[in-house]
Amino acid sequence: MSKQPTENRRSLAQVSRTLRSVIEAETLERYFWTSGIIQRYYLSDLGHGYFDLVDDNMRIRCMLHEERRGNIQFELENNLEVEVYGDVRFYERRSEMQIFVRDIRLNAAAIAKQPAIDRLRAAGLYPPRKRPPPQRIRRIGCISGRSSRAIGDFETAYQSAGERGVLAPLSWEYALLKGERAAQLITDAIYALDATADIDAIAIVRGGGRFDDFAAFDSFLVAQAISQCQTFVVTGIGHHRDQTLSDQVADHAAATPTAAAHFLASRCLSAESNFSPEAPDNAQSTKSNKVLRVIVAVVVVIVVTIAALGIILLRASM
């Protein structure tokens, strides 16, 4: 490799500084509003808030200065749908672009959810406590609308995975997915499946729609039922851009019904590979232990009896 002229060499710091000068020449103090979902939110030791703002296809880092964070009238947290106002800055140390946030507000979807979140928080159900998937799934309880396209998408994706192993059977509960009665009917279906002994996972799925089509899944009733459920709950509601309160409180939120099916199928196949049919169950092991104890007790009695007879015969011969 030929030696490059010295004047063409730059340190990483110089490269990063050049990028900053080029980018900020076009972006500094050119303020704009943009929207997305908060992910990877955390506070630094200095009180600055850092988070990713994401949508279907993009992700960009955001920084909210501690002084401006104090002016926000709501609590920042992951999965919150917001609009941020700021300009693009370039962080030299990591050669990374980020939005320097000057203001932040809830978008329409988040505002609609806020009363339900406040009620969940008052009941000690928010922020949600996520549970790990069950080690073995005997049956999956599924909830959707009777004519929902999500059923076909879910079953097709789930059954296609069955070619690679044994999958748990599906049991469907049907409910209205929109309208005044939808939230109560979905809640009733959740409680019914949760009370079924051999159901080890619940999947709640529906296809895409308009913002107001998801009102039932942003309701306190459904979110409370999911939060209180003793069974592992997976949601696959709408498309990638849709994020409901039910998704936030579920144990696993899949982006689509198809993604929910793939996730549950993978859990079934993983559990099946780890399950050893040759291993005795607890009842069989307990039964074997009892038999062994009886045999030992009988042997001890025989030995003691023979020893006693020997002593008696020995004394009689003296």
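Everything quoted here is computed from the prediction, not taken from an experiment. (Residues numbered from 1 in each chain as written. Predicted model: local features only at pLDDT ≥ 70, side-chain atom pairs only at ≥ 80, totals over all residues. Heavy atoms only, no water.)

K.L.:
Which parts of the structure should I look at to understand the overall build of the chain?
P.N.:
Scanning the chain from terminus to terminus reveals nine helices and ten strands. Relative to its 318 residues, the chain shows a buried fraction of 39%. Taken as a whole, the chain presents about 19100 Å² of accessible surface, with 53% of it coming from carbon and sulfur. (Helix = DSSP H or I, 4+ residues; strand = E, 2+ residues; numbered from the N terminus. Buried < 20%, exposed > 50% of the residue type's maximum accessible area, 1.4 Å probe, protein only. Areas by Shrake-Rupley, 256 points an atom, 1.4 Å probe, with all protein chains shown as cover.)

K.L.:
What should I look at first to understand the pairing of strand β4 (residues 81–91) in this one?
P.N.:
Residues in a regular strand point their side chains to alternate faces of the sheet. Pairing of strand β1 (residues 32–43) with β4, which is carried by six bridges, proceeds in the antiparallel orientation. Paired with Gly36 across the bridge in β4 is Val82. In this structure, β4 lies alongside strand β5 (residues 96–106), joined through ten bridges in antiparallel fashion. Residue pairing for β5: Val82 is matched across the bridge by Leu106. (Pairing = 2+ DSSP bridges.)

K.L.:
Looking at this model, I keep getting lost on the layout of surface pockets. Mind explaining?
P.N.:
The gaps left among the atoms become clear once a water-sized probe is rolled over them. Roughly 640 Å³ of internal volume is contained in the largest pocket. Around the largest pocket, the lining comprises 30 residues; the ones closest to its centre are Ile37, His240, Arg241, Asp242 and Gln243. Residue assignment for the lining of the largest pocket shows that the elements contributing at least two residues are β1, α3 (108–122) and β10 (252–254). Ranked by the residues each element gives to the lining of the largest pocket, the list is headed by β1, at four residues. Of the residues contributing to the lining of the largest pocket, the split by class is ten nonpolar, ten polar and ten charged. (1 Å grid on protein atoms, 1.4 Å probe; cavity = no way out; pocket = protein on both sides within 12 Å on 5 of 7 lines; lining within 4 Å. Points joined across faces, edges and corners; volume = space filled by probe spheres on them. Nonpolar A, V, L, I, M, F, W, Y, C, P; charged D, E, K, R; others polar.)

K.L.:
Would you take a moment to explain the packing of helix α5 (residues 182–194) against helix α6 (residues 220–228) for this structure?
P.N.:
A pair of packed helices is captured by two measures, namely the crossing angle of their axes and the spacing between those axes. Orientation of α5 relative to α6, taken along the N-to-C sense of each, is 10 degrees, at an axis distance of 8 Å. Classed by the angle they form, the pair α5 and α6 counts as roughly parallel. Residues Ala183, Gln184, Ile186, Thr187, Ile190 and Tyr191 of α5 form the contact with α6, whose own contacting residues are Leu221, Val222, Gln224, Ala225, Ile226 and Gln228. Class assignment for the residues of the contact of α5 with α6 results in eight nonpolar, four polar and no charged. (Axes fitted to C-alpha atoms, helices over the stretch in contact; angles between N-to-C directions. Parallel < 35°, antiparallel > 145°, perpendicular 65-115°, else oblique. Contact = heavy atoms within 4.5 Å.)

K.L.:
Whenever I open this one, the sheet that holds β5 confuses me. Can you help?
P.N.:
Working definition: the strands of a sheet are paired by backbone hydrogen bonds and lie parallel or antiparallel to each other. As summarised here, the arrangement of the five strands in space is β1-β2-β3-β5-β4, forming a closed barrel in which the pairing is mixed. Between one strand and the next, the sheet's axes are offset by a mean angle of 50 degrees, whatever the strand orientation. As paired strands, strand β2 (residues 49–54) and strand β3 (residues 59–64) are joined by six bridges and run antiparallel to one another. Along β3, the bridge assignment pairs Asp52 with Arg61. The strands touched by helix α1 (residues 12–27) are β4 and β5; relative to β4, the strand with the most contacts, the crossing angle is about 130 degrees. Along the sheet face, α3 touches β4 and β5 and points at about 50 degrees away from the line of β5.

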